[in-house]
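Spelled out, the chains give:
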Amino acid sequence: MRYALVPLILALSATPAFADPPGDAVPIDAGAALACVADRYRGEALRIEDEEDGLVQEIRWLTPAGNVLEIEITGPGCRFLEVDGVGQSEARILPEEPR
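Here is a short report on the structure shown in this document. All figures in this text were calculated on a predicted structure; none of them were measured in a lab.

Rules of the game
- Residues numbered from 1 in each chain as written.
- Predicted model: local features only at pLDDT ≥ 70, side-chain atom pairs only at ≥ 80, totals over all residues.
- Heavy atoms only, no water.
- Patch = residues over 30% accessible without salt bridge, like charges linked within 9 Å, V, L, I, M, F, W, Y side chains within 5 Å.
- Areas by Shrake-Rupley, 256 points an atom, 1.4 Å probe, with all protein chains shown as cover.
- Salt bridge = Lys/Arg side-chain N within 4 Å of Asp/Glu carboxyl O.
- Lys, Arg positive; Asp, Glu negative; His and termini not counted.
- Charge placed at Lys NZ, Arg CZ, Asp CG, Glu CD.
- Helix = DSSP H or I, 4+ residues; strand = E, 2+ residues; numbered from the N terminus.
- Buried < 20%, exposed > 50% of the residue type's maximum accessible area, 1.4 Å probe, protein only.
- Contact = heavy atoms within 4.5 Å.
- Arc of directions from axis to C-beta.
- Polar contact = N/O pair within 3.5 Å; in protein donor to acceptor, adjacent residues only side chain to side chain.

## Quick notes on a negative patch on the surface
- Taken together, the side chains of Asp20, Asp50, Glu52 and Asp53 present a region of like negative charge at the surface.
- Along the polypeptide, Asp53 turns up in the loop between strand S1 (44–51) and strand S2 (56–62).
- Relative accessible area serves as the criterion here: at 81%, Asp53 is assigned to the exposed category.

Next comes the structure, spelled out in structure tokens:
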């Protein structure tokens, strides 16, 4: 019985791991990463952090509803590695929508 709670304890104590960049990823600068996120989500940047020696930019994004998304992005182009947080669907700008 004492081992029955081990999986639950491990699941609750685990921190979310963000995705590793793919092997063909290239560095993306902060300005390009912010432009990519602004094209996909309504809101504004709270913070941007350079990770993996410029290969990945981690962005905390405040949505109009007051939710915070954590987004990891890399190059080439706008490669979204991970988007985590509540309110993603509501903040999403669909391709056919005006900005």
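Next comes the rest of the account.
## Concerning the environment of Leu34
- Secondary-structure assignment places Leu34 in helix H2 (residues 30–40).
- Leu34 has contacts with Ala45, Ile48, Ile59 and Trp61, leaving out every residue within four places of it along the chain.

## Quick notes on H2
- Along H2, the positions that sit buried rather than exposed are Ala33, Cys36 and Val37. Mapping the buried residues of H2 onto a view down its axis gives an arc of 95°, with all of them on the same face.
- Buried positions along H2 lie against S1, S2, strand S3 (68–74) and strand S4 (79–84).
- N-capping of H2 is provided by Asp29, with a side-chain oxygen placed 3.0 Å from the backbone N of Gly31.

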